[in-house]
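Residues per chain are reported as follows:
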Amino acid sequence: MALVNEHFLKLPGNYLFADIAKRVQTFKRMHPKAEVISLGIGDVTRPLAQAVRDAMHGAVDEMGDAGTFRGYSPDQGYAFLIDAIVKHDYASRGVSLDAGEVFISDGAKSDCGNIGDILSQDNCVGVTDPIYPVYVDSNVMGGRSGELEDSKWSNLIYIPCTEKNRFIPEIPDRRMDVLYLCYPNNPTGASITREALKKWVDYALENNILIMYDAAYEAFIQDPEMPHSIYEVKDAKKVAIEFRSFSKTAGFTGVRCGYTIVPKDLKGFTVNGETVSLNQLWSRRQGTKFNGTSYITQRGAEAVYTPEGAAQVKEVIAYYMGNARIMKEGLAGAGLTVASGGDNAPYLWIKTPDGVSSWAFFDQMLHGARVVGTPGVGFGPSGEGYIRLTSFGTRENCMEAMERIYKWMK
Ligand SMILES: *Cc1c(COP(=O)(O)O)cnc(C)c1O
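Being a predicted model, the structure only gives us computed values, none of them experimental.

1. A few points about the nonpolar core
Argument step 1. Counting 98 residues, the largest nonpolar core has Phe246 and Leu331 as its most contacted members.
Argument step 2. Considering each element in turn, this core owes the most residues, 8 residues, to helix H11 (residues 307–333).
Argument step 3. Leucine 331 has contacts with Leu336, Val338, Leu348, Ile350, Leu389, Met402 and Ile405, leaving out every residue within four places of it along the chain.

2. Considerations on the packing of aromatic side chains
Argument step 1. Applying the stated criterion across every chain yields a total of 22 aromatic pairs.
Argument step 2. Arranged with centres 4.9 Å apart and planes meeting at 20 degrees, the rings of tyrosine 135 and tyrosine 180 form a pair that is stacked. Remark: tyrosine 180 occurs in strand S7 (residues 178–182) and tyrosine 135 occurs in helix H6 (residues 133–141); sequence separation between them is 45 residues.
Argument step 3. The buried category is assigned to tyrosine 135, whose relative accessible area is 1%.

3. Things to note about the site of the ligand
Argument step 1. Lining the immediate environment of the ligand, one finds 14 residues, of which Asp214, Tyr217, Ser245, Ser247 and Lys248 sit closest.
Argument step 2. At 2.9 Å, a backbone N or O of lysine 109 approaches an oxygen atom of the ligand.
Argument step 3. At 2.6 Å, a side-chain N or O of tyrosine 217 approaches an oxygen atom of the ligand.
Argument step 4. Protein coverage of the free-state accessible area of the ligand, which is 380 Å², stands at 93%.
Argument step 5. When contributions to the shell around the ligand are tallied by element, the ones reaching two or more residues are helix H5 (108–114) and helix H8 (246–250).
Argument step 6. Broken down by class, the residue content of the shell around the ligand amounts to 6 nonpolar, 4 polar and 4 charged.

4. Observations regarding the packing of helix H12 (residues 358–369) against helix H13 (residues 395–409)
Argument step 1. Interhelical geometry of H12 versus H13 gives an angle of 100 degrees and a closest axis separation of 9 Å. Between H12 and H13, the interaxial angle falls into the category roughly perpendicular. Residue-level contacts link Phe361, Gln364, Met365, Gly368 and Ala369 of H12 to Arg404, Ile405 and Trp408 of H13.

5. Focus: the environment of asparagine 186
Argument step 1. Mapping asparagine 186 onto the fold places it in the loop between S7 and helix H7 (194–207).
Argument step 2. Judged by relative accessible area, asparagine 186 falls into the buried class, the value being 7%.
Argument step 3. Sequence spacing of asparagine 186 and tyrosine 217 is 31 residues, and the spatial spacing of their C-alpha atoms is 8.3 Å.
Argument step 4. Ignoring any residue separated from it by four or fewer positions in sequence, one finds asparagine 186 in contact with Ile131, Tyr132, Tyr217, Tyr347 and Arg388.

6. With respect to H11
Argument step 1. Compared with the 39 Å implied by 1.5 Å per residue over 27 residues, the 38 Å span of H11 between its first and last C-alpha is a close match.
Argument step 2. The set of residues buried in H11 consists of Gly309, Val313, Ile317, Tyr319, Tyr320, Met321, Gly322, Asn323, Ala324, Met327, Gly330 and Leu331.
Argument step 3. Just downstream of H11, glycine 335 is the residue with a positive phi angle, here 95 degrees.

7. Examining the sheet that holds strand S14 (residues 347–351)
Argument step 1. Judged by pairing direction, the sheet is antiparallel, and its 4 strands sit side by side in the order S13-S14-S17-S16 without closing on themselves. At either end of the open sheet lies a strand with only one pairing partner, and these are strand S13 (337–341) and strand S16 (374–375).
Argument step 2. Its contacts with the sheet put H11 on S13, S14 and strand S17 (386–390), and the angle it makes with S14 is roughly 10 degrees.
Argument step 3. Its contacts with the sheet put H12 on S16 and S17, and the angle it makes with S17 is roughly 50 degrees.

8. What about the sheet that holds strand S3 (residues 125–129)?
Argument step 1. Strand order in this open sheet of 7 strands is S2-S10-S9-S8-S7-S3-S6, and the pairing throughout is mixed. Of all strands in the sheet, those with a lone pairing partner are strand S2 (102–105) and strand S6 (157–160), marking the two edges. Averaged over all pairs of adjacent strands, the angle between their axes in this sheet comes to 20 degrees, without regard to strand direction.
Argument step 2. Sheet analysis places S7 next to strand S8 (residues 210–214), joined by 5 bridges and oriented parallel. Bridged to tyrosine 180 within S8 is methionine 212.
Argument step 3. Packed onto the sheet, H6 meets S3, S7 and S8 and runs at close to 155 degrees relative to S7.
Argument step 4. Sheet strands in contact with H7 are S6, S7 and S8, and its direction is about 150 degrees off that of S8.

Criteria and thresholds
Residues numbered from 1 in each chain as written. Predicted model: local features only at pLDDT ≥ 70, side-chain atom pairs only at ≥ 80, totals over all residues. Heavy atoms only, no water. Core = buried A, V, L, I, M, F, W, Y, C linked by side-chain atoms within 4.5 Å. Buried < 20%, exposed > 50% of the residue type's maximum accessible area, 1.4 Å probe, protein only. Helix = DSSP H or I, 4+ residues; strand = E, 2+ residues; numbered from the N terminus. Contact = heavy atoms within 4.5 Å. Phe/Tyr/Trp six-rings, centres within 6.5 Å; stacked < 30°, edge-to-face > 60°. Near = heavy atom within 4 Å. Polar contact = N/O pair within 3.5 Å; in protein donor to acceptor, adjacent residues only side chain to side chain. Areas by Shrake-Rupley, 256 points an atom, 1.4 Å probe, with all protein chains shown as cover. Nonpolar A, V, L, I, M, F, W, Y, C, P; charged D, E, K, R; others polar. Axes fitted to C-alpha atoms, helices over the stretch in contact; angles between N-to-C directions. Parallel < 35°, antiparallel > 145°, perpendicular 65-115°, else oblique. Expected span 1.5 Å × (residues − 1). Pairing = 2+ DSSP bridges.

Here it is, written out as structure tokens:
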């Protein structure tokens, strides 16, 4: 008799996007001629860069020739990609990494979700609120959440990110062992300064806290003063794991490639207080359960770091950030409050007018402007009263949506 991991049974269904789809469908049935624009999607729309495609085509041909065919990738990824990451993403920002600290994967969602494998079930976990749901749900599966009470898990520590703290969390007074941070943030679009990040790193150093730092949106940072990596803060290698992805940076959501940095200085503890290298544990975990990202994909990712690839990828990011600027101005012009985001992230976090709920505003905007957003409350209790819009759509749709919202609000 196979007993199940009953922690899975605690998870409520993932109703957010299903609920949205259902409401949009119902609206379309009632208004068959209405064209609905979605600014709710968290997926990219621009095609892969030419340099990436060329590299992948070349890799396919190599795979078709017995002389250059490749089988399994090295456990942590190919040296050509790891070296490019170390040089272009870190050394260029004053961070020195050892190749053995970089783990290539099929994306950041897998890594943020799987990292719990190497951590005890008894850790107390802190999350910012609102949040990317993967951090919470994977800890529910891992048995660290407790029970769901009033839309909060009893054993998780929720650190609110609200207008009052300008969506940058304040250090809580409750003890925790593991903390998830994501900057630039999904869903609020907030970005963190070096000083604010340093406070968290220092707090983690003083209290033996492990920070899971999700930097999936670092490529969208426009402000030259903002840190792209947590390791730009002194001694962060002693307390933080960093997740990165080519998904949003280079349109790899369908190609699948990301990487995780687990520094060799990073220590976990046994119950007896002995220290253990988290790098070794993660290496062991990946070696057992993961057989690598495809050669073709890794060659495609490597091309992002060539001069041509870098320029092409930058152009796509500029396109999305151009959308964000148009949206930010358009929404403000329509009388809405963009509470956060749009400057260093492809997300805009909009306060609903007159204190209406996230879902009520979602419906009002759908019916009034035929524009779809994502209700903020779907990302956590502190998201109530907000709606998230993304700048990942086409320029035409963004402009049309802003016009509609303007007319509707007037
Ligand atoms: C999109 C996203 C990722 C990237 O996920 P992939 O699995 O690499 O596609 C990671 N973290 C956050 C917060 C995201 O929004």
